[in-house]
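Observations on the model geometry
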Amino acid sequence: MAQERTSLPDVVERLIDPKVASLRVVTDSSAAAGEPVRVTVQACNGAGATATDGAGAAALVAMGPSGHAKVGEATVEDGLGHAQVAIAEPGVYRIEALVGDDLRAVSDPLEITSDAPAQSLYWGDVHSHIRERRAQALISDADLLMGPPTVEAALAWARDVATIHFATVSDHDLKLTEAEWADTIEVHRRLNEPGRFVTFPGYEWGCSAGFAGNFGHRHVIYRRNRVRGVDPVPLFRCDRPETETAQGLFDALKRTVPIEDVISVPHHTARGGGNTWMNWDYCDPELERLCEVFSIWGSSEKLGEPYPIDYLASGGYFGTGEARGHHLQDGLARGYRFGFTGGSESHDGRPSRPLVHGPYVISETDFLAPPGITGVWATSLTRDGIFDALRARRCYATTGARMIVRFGLGDTPMGGDVAASELSGPAEFSAQVIGAAPIAACELVKNNREIDRASSEGPELTARFSATLRDREAAQPGDFFYLRVTQADGEMAWASPIFIT
Ligand SMILES: [Zn+2]
Ligand SMILES: [Zn+2]
């Protein structure tokens, strides 16, 4: 379907409109009973930007197993308010925010456990850009259109407005000077705040023009600013002879950085157009333990999915179709063992919650899909806690909804390995989804084929859903199993595979 396009000045007008059109409320997804839960209330204008007219006290009501109870208040000023609430009774809740008589919003689910859980659920986006500003020449008020103009402002947006727990501003290698790279690392260090907001320095390697060949795009993230004597962590560029090929990048990374301190994440793997799709001939199993399945470009999971990464179908500006043979399923079929992430790939300096589509912006609706997000089951909200969980592939992608997804085989959670010799007979997987809407489908995918499914028509507010999904044959080494979840409202999630070794 072709999308409506509006002129650039119109977009700016809509972005700076101070009038409140709706409310948005975001909370943490997991907490122990009595422990603080962070709540953000945003007054939004018609374009989804903060409506600065928004002001007043937002009543916060916990809607849970034993009814509704007011648990706090957020003071909304200039359209934004932050608060902490505590809930004493374990259960699944959603937080309702109310301002005045007619502004109301309901959060995604919040799970309160009786004891501090061994792992908590944190949300993040390690794929976003600020240095894509060609549209600036076209309009007078460029920063309003293009969003926060600095890495610091972009990370602050991620923390305070998007309200995610971890982030990377991963600008393109060829768009960064050495001084800007040094500054990027330093700003990520300064804004890293254990327990509140975690940052990883990173950048994107790869270019669409094609230098030495078609290798695709990947974002590279580092555990911290300096790793074992490498200070600062290096930026390898795709226009330098030694790192112009994917193999060159892998060699350079492995030569300079301990393998446990760096992750390279291929993304929009099936996006059509020269050198933007992933070439599965060049994938490093040690470095590329993750792959981004979903972003504003759409889904790269497989052909024939609800959010195809297909600009021909959308009438969009690239005029390219979906790249066959370059989906995540094609990479999995070749034996690569990566976990799934969702990224925003925002180009307007608004990680996780872009409002316009960066340098090619035509209108704020010129996205193929909503921004993706990554959920991580981590032992702590620290660089080590989140990075270790990402390396362990204990993560999943969603289309933006913060549904709570658990997936396991026995004691092994999503992303893990299980030896075939440990399994006697058919394998039984456990899936638990706490959604924001009824679960239309919860599918177990084995070696890229759906082999079992379950669904729930549960009421929206208590969409807790558990299922045992079965493989009826004995699992073999090389098999992999992942979970695909589709809510009745179209939101999706993909839980990282469990690999049989
Ligand atoms: Zn890219
Ligand atoms: Zn990118």
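Everything numeric here is computed off the predicted structure, so don't read it as measured data. (Residues numbered from 1 in each chain as written. Chains lettered and ligands numbered in written order. Predicted model: local features only at pLDDT ≥ 70, side-chain atom pairs only at ≥ 80, totals over all residues.)

**As for the overall build of the chain**
- Each helix and strand in the chain was counted, giving eight helices and 29 strands.
- Counting contacts in the chain only where the partners sit at least 6 residues apart, residues at least 24 apart contribute 70% of the total. (Helix = DSSP H or I, 4+ residues; strand = E, 2+ residues; numbered from the N terminus. Contact = placed C-beta atoms within 7 Å.)

**Topic: the confidence of the model for the chain**
- Averaged over all residues, the pLDDT of the chain is 88; the fraction at 70 or higher stands at 87%.
- Low pLDDT, under 50, characterises residues 1-6; the stretch is placed with 12 contacts to residues that sit more than four places away or in other chains.
- Note on residues 134-142: pLDDT under 50 across the span, and 15 contacts to partners over four residues away in sequence or across chains. (pLDDT = per-residue confidence, 0-100.)

**Observations regarding unusual backbone geometry**
- A cis amide bond links Asp231 with the next residue in sequence, Pro232, at an omega value of -5°.
- With respect to the helices and strands, the residue Pro232 is situated in the loop between β14 (218-222) and α5 (246-256).
- In this structure, Thr163 is a non-glycine residue whose phi angle is positive, near 60°.
- Among the secondary structure elements, Thr163 is positioned in the loop between α3 (151-162) and β11 (166-167).
- Of note, Ser352 is a non-glycine position whose phi angle comes to about 70°, a positive value.
- Relative to the helices and strands, Ser352 resides in the loop between β18 (339-342) and β19 (373-378).

**Examining the pairing of strand β8 (residues 103-106)**
- Two elements, strand β7 (residues 91-99) and β8, share four bridges in a ladder whose sense is antiparallel. By the bridge assignment for β8, Leu98 is matched with Arg104.
- What sits between β7 and β8 in their antiparallel hairpin is a turn of three residues, with Gly100 showing a positive phi close to 65°. (Pairing = 2+ DSSP bridges.)

**Considering the nonpolar core**
- If you look at the biggest cluster of nonpolar residues, it comprises 99 residues, and the most contacted ones within it are Ile386, Tyr396, Val405, Val485, Ala493, Trp494 and Ala495.
- Of the residues that make up this core, three or more belong to each of domain 2 (122-270 + 285-309 + 325-400) and domain 3 (407-500).
- Contact partners of Ala493, with chain neighbours within four places excluded, come to Tyr396, Ala397, Thr398, Met403, Val405 and Val485.
- The next biggest cluster of nonpolar side chains, apart from the first, holds 27 residues, and it includes Val25, Ala62, Ala83 and Leu110. (Core = buried A, V, L, I, M, F, W, Y, C linked by C-beta atoms within 7 Å. Buried ≥ 20, exposed ≤ 12 C-beta atoms within 10 Å, placed from the backbone. Domains from an automatic or database assignment.)

**Here's the deal with helix α8 (residues 383-391)**
- Taken as a whole, α8 has its buried residues at Arg383, Gly385, Ile386, Phe387, Ala389 and Leu390.
- Directly beyond the C-terminal end of α8, a positive phi value near 65° is found at Arg393.

**Notes on the pairing of strand β5 (residues 67-76)**
- Bridge count for strand β4 (residues 56-64) against β5 is nine bridges, and the pairing is antiparallel. Considered in β5, the bridge of Ala57 is made with Thr75.
- Linking β4 back to β5 in an antiparallel pair, the connection comprises two residues.

**A short note on the environment of Pro232**
- The exposure class of Pro232 is partly exposed, given the 17 C-beta atoms found within 10 Å.
- Along the primary structure Pro232 and Ile185 are separated by 47 residues, whereas in three dimensions their C-alpha atoms are 7.6 Å apart.
- Filtering out sequence-adjacent residues up to four positions away, Pro232 remains in contact with Ala182, Ile185, Asn225 and Arg226.

**Some points on the packing of α3 against helix α4 (residues 178-191)**
- Closest axis-to-axis distance for the α3/α4 pair is 9 Å, and the angle between their directions is 35°. Here the hand of the crossing between α3 and α4 comes out right-handed. For the pair α3 and α4, the contacting residues are Val151, Glu152 and Leu155 in the first and Thr184, Val187 and Leu191 in the second.
- Its residues assigned to classes, the contact of α3 with α4 shows four nonpolar, one polar and one charged. (Axes fitted to C-alpha atoms, helices over the stretch in contact; angles between N-to-C directions. Left-handed = near helix turned anticlockwise from the far one by under 90°. Nonpolar A, V, L, I, M, F, W, Y, C, P; charged D, E, K, R; others polar.)

**Thoughts on the sheet that holds β18**
- Ordered in space as β17-β16-β18, the three strands form an open sheet in which the pairing is mixed. Both outer strands of the open sheet, β17 (298-299) and β18, are each paired with one neighbouring strand and no more.
- Sheet analysis places strand β16 (residues 290-295) next to β18, joined by four bridges and oriented parallel. Each bridged residue has a counterpart across the sheet, and for Leu290 the counterpart in β18 is Gly339.

**Some remarks on the sheet that holds strand β6 (residues 80-86)**
- Strand order in the open sheet formed by three strands is β1-β3-β6, and the pairing between neighbours is antiparallel. Each end of this open sheet is capped by a strand with a single partner; those strands are β1 (22-27) and β6. Strand-to-strand twist in this sheet, taken as the mean axis angle between neighbours without regard to direction, amounts to 20°.
- Of the pairings in the sheet, the one linking β1 to strand β3 (residues 36-44) comprises six bridges and is antiparallel in character. Residue pairing for β3: Val25 is matched across the bridge by Val41.

**With respect to α5**
- Where α5 is concerned, the buried positions are Ala246, Leu249 and Leu253. The buried residues of α5 all sit within an arc of 60° when viewed along its axis, so they share a single face.
- The elements touched by buried residues of α5 are β13 (202-205) and β15 (262-266). (Arc of directions from axis to C-beta.)

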